[in-house]
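Descriptive analysis of the structure
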Amino acid sequence: PDAFELRRSELQRARPSEVVTDDAVVESYRALAVPGGLMEEYLSLGEFAVHYEEGALFVHGALDDTNVGRLPWRGPSSSGEVLDLPAWVASLNEFARAQMAAWRQGAWAFPSVWSQRGGYNWSGGGLMQYGQGSLPPLDEGALPVMGSNPTVVTR
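Residues numbered from 1 in each chain as written. Predicted model: local features only at pLDDT ≥ 70, side-chain atom pairs only at ≥ 80, totals over all residues. Heavy atoms only, no water.

Looking only at helices and strands, the chain has six helices and four strands in total. When the elements of the chain are put in sequence order from the N terminus, they spell out α-α-α-β-β-α-α-α-β-β. Counting over 155 residues, the chain shows a buried share of 34%. Within the chain, residue pairs in contact and separated by at least 24 positions form 41% of the contacts whose partners lie at least 6 positions apart. Surface accessibility of the chain: about 9,800 Å² in total, with carbon and sulfur atoms responsible for 56%. (Helix = DSSP H or I, 4+ residues; strand = E, 2+ residues; numbered from the N terminus. Buried < 20%, exposed > 50% of the residue type's maximum accessible area, 1.4 Å probe, protein only. Contact = heavy atoms within 4.5 Å. Areas by Shrake-Rupley, 256 points an atom, 1.4 Å probe, with all protein chains shown as cover.)

Here's what the structure looks like:
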């Protein structure tokens, strides 16, 4: 709840001779979140998952039997498809790169707000949906896996 004022304090320390206005705080956040900003650089350098054959798996999110090997943006899987670990890791990272590419190509400037729509069905929004940890049921009988990343809908 204090992020805005904490950001103002951070900017004030960096600019002690200036008065940091609300507009300056908003602009500082915007500058971080547009193409060329620090957030793009951070997300572009990272990977969702890294698997070392020696037995270590590093992944963004919580894993359990209901989501490992599944790709949430494909929707409920009536076939029960579960990818093997190397294919799953590659698919997660490919998804992230594709979402970042769509975002760079202008998805960041959509007139509507992702948080009002959510979902994987629009360019660049899937990356944000992935990070939410839950998704409303997409069809009859689909169950969201709440509080768990990757966001997966199972039957």
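Here the narrative resumes.
Here strand β1 (residues 49–52) runs beside strand β2 (residues 56–59); their pairing, made up of four bridges, is antiparallel. From the neighbouring strand, His-51 faces β2, where its bridge partner is Leu-57. (Pairing = 2+ DSSP bridges.)

Okay, helix α2 (residues 22–33) next. Between its first and last C-alpha, α2 extends 17 Å over twelve residues, near the 16 Å set by a 1.5 Å rise per residue. All of the buried residues along α2 are Ala-24, Val-25 and Ser-28. Down the axis of α2, the smallest arc covering the buried residues is 105°, so these residues share one side. Where α2 is buried, its residues meet α1 (3–14). (Expected span 1.5 Å × (residues − 1). Arc of directions from axis to C-beta.)

Turning to the packing of aromatic side chains, a few remarks are in order. What the rule picks out here adds up to two aromatic pairs. Measuring from ring centre to ring centre gives 6.4 Å for Phe-48 and Phe-95, while their planes differ by 65°; the resulting arrangement is edge-to-face. Taken together, the positions of Phe-48 in the loop between α3 (38–45) and β1 and Phe-95 in helix α4 (residues 85–104) put the pair 47 residues apart, joining distant regions of the chain. Centroid distance Tyr-52 to Phe-58: 6.2 Å. Interplanar angle 85°. Geometry classified as edge-to-face. Overall, Tyr-52 belongs to the partly exposed group, its relative accessible area being 43%. Taking the relative accessible area as the measure of exposure, Phe-58 reaches 51% and is therefore exposed. (Phe/Tyr/Trp six-rings, centres within 6.5 Å; stacked < 30°, edge-to-face > 60°.)

Attention shifts here to the environment of Gly-37. Structurally, the position occupied by Gly-37 is in the loop between α2 and α3. On the accessibility criterion, Gly-37 (8% relative accessible area) is buried. Sequence-distant contacts of Gly-37, that is, excluding residues within four places in its chain, are made with Ala-31 and Leu-32.

Quick look at the confidence of the model for the chain now. Counting all residues, the mean pLDDT for the chain is 76, and 69% of those residues have values of 70 or more. Across the chain, the secondary-structure element scoring lowest on mean pLDDT is strand β4 (residues 153–154), at 33, and the one scoring highest is α1, at 96. Contacts of residues 137–155 to residues separated by more than four positions or lying in other chains number 67 contacts, the stretch itself having pLDDT below 50. (pLDDT = per-residue confidence, 0-100.)

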